[in-house]
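# Understanding the architecture of this molecule
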Amino acid sequence: MAQLIDGKRLSNQVLQDVACEVERLRSEHNVVPTLAVVLVGEDPASQVYVRNKVKRAKEAGMGSILHRLDAGTTQGELNRLVDRLNHDPQVHGILVQLPLPSHLDEDEVIAAINPAKDVDGFHPLNVGALAAGQASLVPCTPQGCMIMLHRVMPELRGKHAVVVGRSNIVGKPMAALLLQADCTVTMAHSRTQEIESLCRNADILIAAAGRPGLVGADWIKPGATVIDVGINAVEVEGTRKLVGDVAFDAVSRTAGAITPVPGGVGPMTIACLLLNTTRAARQQLASLAPPQPSVSCP
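Quick caveat: nothing in here was measured; it's all calculated off a predicted structure. (Residues numbered from 1 in each chain as written. Predicted model: local features only at pLDDT ≥ 70, side-chain atom pairs only at ≥ 80, totals over all residues. Heavy atoms only, no water.)

Looking now at the overall build of the protein. Of the regular secondary structure elements, the protein holds ten helices and eleven strands. For 298 residues, the compact-globule formula gives about 19 Å, and the C-alpha radius of gyration of the protein, at 19 Å, lands near that figure. Based on the C-alpha atoms only, the size of the protein along its principal axes is roughly 50 × 45 × 35 Å. Per-residue burial for the protein yields a buried fraction of 49% across its 298 residues. The contacts in the protein between residues at least 6 apart in sequence include a share of 69% that link residues at least 24 apart. For the protein, the computed accessible surface area is about 14100 Å², with 51% contributed by carbon and sulfur atoms. Separation of charge centres in the protein, based on 27 positive and 29 negative side chains, amounts to 4 Å. (Helix = DSSP H or I, 4+ residues; strand = E, 2+ residues; numbered from the N terminus. Rg over C-alpha atoms; globule rule 2.2 N^0.38 Å. Buried < 20%, exposed > 50% of the residue type's maximum accessible area, 1.4 Å probe, protein only. Contact = heavy atoms within 4.5 Å. Areas by Shrake-Rupley, 256 points an atom, 1.4 Å probe, with all protein chains shown as cover. Lys, Arg positive; Asp, Glu negative; His and termini not counted. Charge placed at Lys NZ, Arg CZ, Asp CG, Glu CD.)

Inspection of every chain in the model, using the stated rule, returns seven salt bridges. Close ionic contact of Glu235 with Arg240 constitutes a salt bridge, the shortest N to O distance being 4.0 Å. For the residue pair Glu235 and Arg240, the accessibility class agrees, reading exposed in each case. Because the salt bridges share partners, they merge into one network encompassing Glu21, Arg24 and Arg282. (Salt bridge = Lys/Arg side-chain N within 4 Å of Asp/Glu carboxyl O.)

In the segment running from Leu98 into Pro99, the intervening peptide bond is cis, with an omega of 0 degrees. Structurally, Pro99 is set in the loop between strand S4 (93–96) and helix H4 (106–112). In this structure, Pro262 follows Val261 across a cis peptide bond, with omega equal to -5 degrees. Relative to the helices and strands, Pro262 is located in the loop between strand S11 (257–258) and helix H10 (265–283). Here Asp182, not a glycine, exhibits a phi torsion of approximately 70 degrees, which is positive. You can see Asp182 is positioned in the loop between helix H7 (171–180) and strand S6 (184–188). Positive phi, close to 55 degrees, is recorded for Glu237, a residue that is not glycine. Along the chain, Glu237 turns up in the loop between strand S9 (232–236) and strand S10 (239–243). Residue Glu237 is classed as exposed on the basis of its relative accessible area of 79%.

With five of five residues buried, strand S5 (residues 160–164) is to be regarded as a mostly interior element. Once the chain exits S5 it traverses H7 before rejoining the sheet at S6, and the crossover so formed is right-handed. Direction of pairing for S5 relative to strand S7 (residues 204–207): parallel, over a ladder of four bridges. Bridge assignment links Ala161 to a residue of S7, and that residue is Ile204. (Right-handed = clockwise from strand over helix to strand, strands pointing away. Pairing = 2+ DSSP bridges.)

Summary statistics for the protein give a mean pLDDT of 94 and a share of 96% for residues scoring 70 or more. Residue range residues 287–296 is modelled with pLDDT below 50. Its contacts to residues more than four positions away, or to other chains, number 17 contacts. (pLDDT = per-residue confidence, 0-100.)

Taken together, the six strands give an open sheet; going across it, the order is S1-S11-S8-S7-S5-S6, and neighbouring strands pair in parallel fashion. Among the strands making up the open sheet, the edge pair consists of strand S1 (3–4) and S6. Sheet analysis places S1 next to S11, joined by two bridges and oriented parallel. Each residue of the ladder has a partner; that of Leu4, found in S11, is Ile258.

One ladder, built from five bridges, connects S5 with S6; its direction is parallel. Within S6, the residue paired with Ala161 across the bridge is Val185.

Within a beta sheet, neighbouring strands are joined by backbone hydrogen bonds and run either parallel or antiparallel to one another. One open sheet accounts for three strands, arranged S3-S2-S4; its pairing is parallel. Two strands bound the open sheet, and with one partner strand each, they are strand S3 (63–69) and S4. When the angles between neighbouring strand axes are averaged without regard to direction, this sheet yields 15 degrees. Sheet analysis places strand S2 (residues 34–40) next to S3, joined by seven bridges and oriented parallel. Looking at S3, one finds that Ala36 is bridged to Ile65. Docked against the sheet, helix H3 (residues 75–86) engages S2, S3 and S4, running at close to 175 degrees with respect to S2. (Axes fitted to C-alpha atoms, helices over the stretch in contact; angles between N-to-C directions.)

Written as structure tokens, this is what we have:
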């Protein structure tokens, strides 16, 4: 059976580092890293995600501000709120929870966020910096995936990684991070021909297609590391449950290491959001050196 990559345990380790950095910023510079979250509308899944993010921020000793807006909020009203947060020196990170109601332009809102406070890593300037291999705020889910990969594969150089899914949130930044780690990267998607045979050549498989159970055991190279980014709600024998893009039971008998759903990538995403917020807070202190690749307790 495959080694289980425990996202809950790893996320707790990251959050301990975050709490240490929060305390350092508070004691040394009288700065409390603060995350502002904007939630528009009443989407049930978004409300759960936001509640978990705010809870984790408070547990780490960070400041958190939640702005709840009506589903009928206009583009101008949302943009003006983002502008106020951009200019608020007490706010170090801004997160606008996606998806937004259909009448709002997500790209316009993301572009309105100050790149230095864009803790989701979605602003075009941060996206471009990542693609160019420059320092930037990196999208949280791919960042969490890389931490998980490094825990089970200390040496990534030369490994063949296949990313299934080409979204701006996961697939594309995931590929960029893997390239920076000197992997040979192949991107696959809904139009890829013979995708199963392509995946069978992967040392690392990142499943981020949003299709429950898409990846079966016959897609997996024996001993490969499988990171399942998918979070899909499905009905199983009359019960609603969360499953990934990977058929976990079957694949875990072939893979060398695998993430569960839930309890895998999800907790790491929130931990990396808070890690980004501490990094953003430190960057915004002009008198301090740039943030280091990781933070840890003294």
